[in-house]
Amino acid sequence: MNRLLFFLALLPFTTQAQELISTVQVLSPNVQNTSKQVFTSLESGLREFINTTQWTREKYTQDERIECTFVLNIVEQVSVGQFKATLQVQYSRPVFNSSYKSPILNVIDKSVNFTYLENDRLEFIENTHVSNLTSVIAFYAHVIIGMDHDSFENGSGESYYVKAQNIVINAQNDPLGAGWQNSSGNTNRFWLADNLVSPAFKNLKDCYYIYHKEGLDQMYNPEQHQLAKDNIAKAIANLRVVHQKRPNSYLMNVFFDAKSRELVSIFEDGPEVDLSNMKTTLSLVDANNADLYRDLGNPK
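Below you will find a few notes about this structure. (Residues numbered from 1 in each chain as written. Predicted model: local features only at pLDDT ≥ 70, side-chain atom pairs only at ≥ 80, totals over all residues. Heavy atoms only, no water.)

**Details of the layout of surface pockets**
Put simply, the largest pocket is a space of about 270 Å³. Along the wall of the largest pocket there are 16 residues; nearest its centre are Ile108, Lys110, Thr187, Asn188 and Tyr250. Those elements giving two or more residues to the lining of the largest pocket turn out to be β6 (101–115) and α9 (250–267). Broken down by element, the lining of the largest pocket gets its largest block of residues, 6 residues, from β6. The class makeup of the residues in the lining of the largest pocket is 3 nonpolar, 9 polar and 4 charged. The wall of the second largest pocket is formed by 17 residues, among which Trp55, Phe124, Glu126, His142 and Lys163 lie closest to the centre. Those elements giving two or more residues to the lining of the second largest pocket turn out to be α3 (132–152) and α4 (158–170). (1 Å grid on protein atoms, 1.4 Å probe; cavity = no way out; pocket = protein on both sides within 12 Å on 5 of 7 lines; lining within 4 Å. Points joined across faces, edges and corners; volume = space filled by probe spheres on them. Helix = DSSP H or I, 4+ residues; strand = E, 2+ residues; numbered from the N terminus. Nonpolar A, V, L, I, M, F, W, Y, C, P; charged D, E, K, R; others polar.)

Right under this line is the structure:
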């Protein structure tokens, strides 16, 4: 697979491993009426669940594992063993021949309701909804893996987005399952999966590849800076088509939540490129950050 080829020049021989290597935190600053040991147990269980589950049939080496972060913030204990929480999920992709990692996913899921008792076993069975908590984690695991694939090989993340959508479908009837339905807001798991599998978002998924593989990965070579920036600018300009088909979409917001400040830093120095189309597109598709883009590409 292309991720392996990307690392061949950098890696020594390593053994096979799972796909994800995640930092996990469980926070509970506002929950006072229960033992903190249950949250210590939950944090340890989630870490083991995410990092030891074989999410795909692909072979990853230790150094290929996808680094990510899950922060579960317990907002309320509803009853014994039942909790309301938010979940922040972050994933950044390594850039070729550099120590820099480019942010791709940074979302806060505000509708994570679940049951858990100390030392409960956490498990996920494909095509089966075992629990709301493990389904939420499995959903984001597949989204991360899909986005990682798309950033290395165009279109290669599609099967993982389909699996994420299947998790959504299987969780529809969970009584704790806020966030799985199209009726529970427009910035939730349902809409993220919907956007990721929809043909209307082809240009955005293409952008993940062009931006990273044909853009950032080429910038280690000073002779390629101009071309790399041109590729990124064109990929961003093409997002206008996505906006026309699905304005104010969740996936577009997810993309720019991760990329807006990085875009500014990419074009603030070095070879000048024609940014007129890109800036016009940005003002349309990411109006929330319009002030950030106003001086994009202007000499300091």
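**Some words on the side chain of Ser151**
Among the secondary structure elements, Ser151 is positioned in helix α3. Within polar-contact distance, the side chain of Ser151 engages the side chain of Arg93 at 2.8 Å. There is a polar contact of 2.8 Å between the side chain of Ser151 and the backbone oxygen of Asp148. When sequence neighbours within four positions are dropped, the list of residues in contact with Ser151 reads Tyr91, Arg93, Ile104, Tyr208, Tyr209, His212 and Lys213. (Polar contact = N/O pair within 3.5 Å; in protein donor to acceptor, adjacent residues only side chain to side chain. Contact = heavy atoms within 4.5 Å.)

**Here we look at empty space enclosed by the protein**
If a probe as big as a water molecule is rolled over the atoms, it shows which places are left empty. Applying the stated rule across the entire model yields 1 cavity of 30 Å³ or more. Its boundaries defined by the atoms lining it, the largest cavity holds a volume of some 30 Å³. Around the largest cavity, the lining residues are Val24, Gln25, Leu46, Ile50, Phe70, Val71, Leu72, Leu87 and Ile137. Within the residue set of the lining of the largest cavity, elements represented by two or more residues are β2 (20–27), α2 (37–52) and β4 (66–79). In terms of residue count, β4 provides more of the lining of the largest cavity than any other element does, 3 residues in total. In the lining of the largest cavity, the residues fall into 8 nonpolar, 1 polar and no charged.

**What to know about the environment of Asp148**
With respect to the element layout, Asp148 can be found in helix α3. Sequence separation between Asp148 and Ile104 is 44 residues; the distance between their C-alpha atoms is 8.5 Å.

**Structural notes on helix α10 (residues 276–285)**
Taken together, the buried positions of α10 are occupied by Met278, Thr281, Leu282 and Val285. Viewed end-on, α10 has its buried residues packed into an arc of 100 degrees, placing them on one side of the element. In the core, the buried residues of α10 are packed alongside α7 (225–237), α8 (239–245), α9 and α11 (290–293). (Buried < 20%, exposed > 50% of the residue type's maximum accessible area, 1.4 Å probe, protein only. Arc of directions from axis to C-beta.)

**Some thoughts on the packing of α3 against helix α5 (residues 189–197)**
Across the interface, α3 lies against α5 with an axial gap of 12 Å and an inter-helix angle of 30 degrees. In terms of axis orientation, α3 runs roughly parallel to α5. Here α3 and α5 pass one another in a crossing that is left-handed. Residue-level inspection shows Val136, Phe139, Tyr140, Val143 and Met147 of α3 in contact with α5, the latter providing Arg189, Leu192, Ala193 and Leu196. (Axes fitted to C-alpha atoms, helices over the stretch in contact; angles between N-to-C directions. Parallel < 35°, antiparallel > 145°, perpendicular 65-115°, else oblique. Left-handed = near helix turned anticlockwise from the far one by under 90°.)

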